[in-house]
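Reading the structure
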Amino acid sequence: MINNQHPKLLEPNYRGIRLFLDSADTQQWQNWLPTGLFYGVTTNPLLLEKAQVTCSVSQLKDQARLAFSLKAQEVQLQTWGTTVDSLVTTGKLLAAIDQRIVVKVPITKMGTEAAARLIAEGMRITLTGVYAIHQVFIAAALGADYVAPYLGRINDLGRNGREDLVAMQQAIAGVGSATRILVASIRSVDDITLLATQGMNTFTFSPLVAAAFFDVTATNQAATDFEQAARRQGAE
């Protein structure tokens, strides 16, 4: 059930909106980051593969430098490995790229152990791949910066993703955690609008969803009318 409480009541540590561009395609970064809409970018190995970017620390270092040059305030890079030690080792290398890097770690048992070690060494962490409401308590217990549920994919499982995420937000607020819920797998601007009314303020979405923010026919027509009037009045 969607809760009608004021957003700030659902998030005691209300700290303002953060929007991330969910893409590893640098052409999309160059297109969207200059708008000022985005706090940063989020990536993962699947997005790297889609953008034909090599999944290596050296390549990601170059990627991060470009994002920061485009005024991204954060870049989220996902560690990889088949053991806790390898996840930690790669995570440390990624975090060493820049203090504005947030290391993403899958919220498995092995990933959680790796995340706990990285947090203990002062690294900023997003626990990702969240599908169940109770998983947010893992992130809250560790003191992770972010926890990333997959809204669209939860819907694909036949559940009501919006209601599950509202429950996650209430759970985080209920324990007084400062962990941000980073809503991922967003397929509609309407999802962002609805969840924002429920106290969520951190979202990552594709360039396609970003374009929908500006796809308002009446607004675009108004801008055209303003420009035409200015020129009729002698503007150069």
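Before any of the text, the structure's been laid out above.
As the structure is a prediction and not an experimental result, all values here were calculated from the model.

Core analysis: the biggest nonpolar cluster contains 58 residues, and Val183, Phe203 and Phe205 have the highest contact counts within it. Discounting residues that sit within four places of it in the chain, Phe203 has contacts with Arg18, Leu19, Phe20, Leu182, Val183, Ile186, Ile192, Leu195 and Ala196.

Now for the side chain of Lys104. Here Lys104 is to be found in strand S4 (residues 101-106). Look at Lys104: it is buried, it has no salt bridge, and the nearest opposite charge is Asp22 at 5.0 Å. A polar side-chain atom of Lys104 sits 3.0 Å from the main-chain carbonyl oxygen of Thr43. Filtering out sequence-adjacent residues up to four positions away, Lys104 remains in contact with Thr42, Thr43, Asn44, Gln76, Leu77, Gln78, Thr79, Thr126 and Thr128.

This brings us to the packing of aromatic side chains. All told, the structure shown has 6 aromatic pairs when counted by the stated rule. An angle of 25 degrees between the planes, with centres 6.0 Å apart, marks the rings of Trp32 and Phe214 as stacked. Placement of Trp32 in helix H2 (residues 26-32) and of Phe214 in the loop between helix H11 (207-213) and helix H12 (217-232) is noted, with a sequence separation of 182 residues between them. According to the relative accessible area criterion, Phe214 is partly exposed, its value standing at 46%. Taken together, Phe20, Tyr39 and Tyr146 form an aromatic cluster joined through their ring pairs.

Below, the discussion takes up helix H5 (residues 84-95). If you check H5, its first and last C-alpha atoms are 16 Å apart, about what 12 residues at 1.5 Å a residue would give, namely 16 Å. Here H5 has its buried residues at Val84, Leu87, Val88, Thr90, Gly91, Leu94 and Ala95. In this fold, the buried residues of H5 make contact with helix H4 (57-69), strand S3 (74-78), S4 and helix H6 (109-120).

Our focus in this paragraph is the pattern of salt bridges. Applying the stated rule across the entire model yields 10 salt bridges. Across the pair Arg159 and Asp164 runs a salt bridge whose closest N-O atoms are separated by 2.8 Å. Given a relative accessible area of 12%, Asp164 falls into the buried group. The partner of Asp191 in a salt bridge is Arg162, and the shortest N-O contact between them spans 2.9 Å. In this pair, Asp191 is assigned in helix H10 (residues 189-196) and Arg162 in helix H9 (residues 161-174), connecting sequence segments 29 residues apart. Judged by its relative accessible area of 27%, Arg162 is partly exposed.

Right, let's get into the environment of Ala120. Examined against the element boundaries, Ala120 turns out to sit in helix H6. Residues Ala120 and Gly143, spaced 23 residues apart in sequence, show a C-alpha to C-alpha distance of 9.9 Å.

Turning next to the layout of surface pockets. By volume, the largest pocket is sized at about 620 Å³. Asp22, Asn44, Leu47, Lys50 and Arg153 are, among the 29 residues lining the largest pocket, the residues nearest its centre. If you list the elements that add at least two residues to the lining of the largest pocket, you get helix H3 (45-50), strand S5 (125-130), strand S8 (202-205) and H11. With 4 residues, the top contributor of residues to the lining of the largest pocket is H3. Residue composition of the lining of the largest pocket, grouped by class: 14 nonpolar, 10 polar and 5 charged.

Here we come to the packing of H9 against H10. Relative to each other, H9 and H10 sit at 35 degrees, their axes nearing to 11 Å. Where H9 crosses over H10, the handedness of that crossing is right-handed. Residues Arg162, Leu165 and Val166 of H9 form the contact with H10, whose participating residues are Asp190, Asp191, Leu194 and Leu195. Of the residues in the contact of H9 with H10, the class split is 4 nonpolar, no polar and 3 charged.

Reading the values: rules and limits
Residues numbered from 1 in each chain as written. Predicted model: local features only at pLDDT ≥ 70, side-chain atom pairs only at ≥ 80, totals over all residues. Heavy atoms only, no water. Core = buried A, V, L, I, M, F, W, Y, C linked by side-chain atoms within 4.5 Å. Buried < 20%, exposed > 50% of the residue type's maximum accessible area, 1.4 Å probe, protein only. Contact = heavy atoms within 4.5 Å. Helix = DSSP H or I, 4+ residues; strand = E, 2+ residues; numbered from the N terminus. Lys, Arg positive; Asp, Glu negative; His and termini not counted. Salt bridge = Lys/Arg side-chain N within 4 Å of Asp/Glu carboxyl O. Polar contact = N/O pair within 3.5 Å; in protein donor to acceptor, adjacent residues only side chain to side chain. Phe/Tyr/Trp six-rings, centres within 6.5 Å; stacked < 30°, edge-to-face > 60°. Expected span 1.5 Å × (residues − 1). 1 Å grid on protein atoms, 1.4 Å probe; cavity = no way out; pocket = protein on both sides within 12 Å on 5 of 7 lines; lining within 4 Å. Points joined across faces, edges and corners; volume = space filled by probe spheres on them. Nonpolar A, V, L, I, M, F, W, Y, C, P; charged D, E, K, R; others polar. Axes fitted to C-alpha atoms, helices over the stretch in contact; angles between N-to-C directions. Left-handed = near helix turned anticlockwise from the far one by under 90°.

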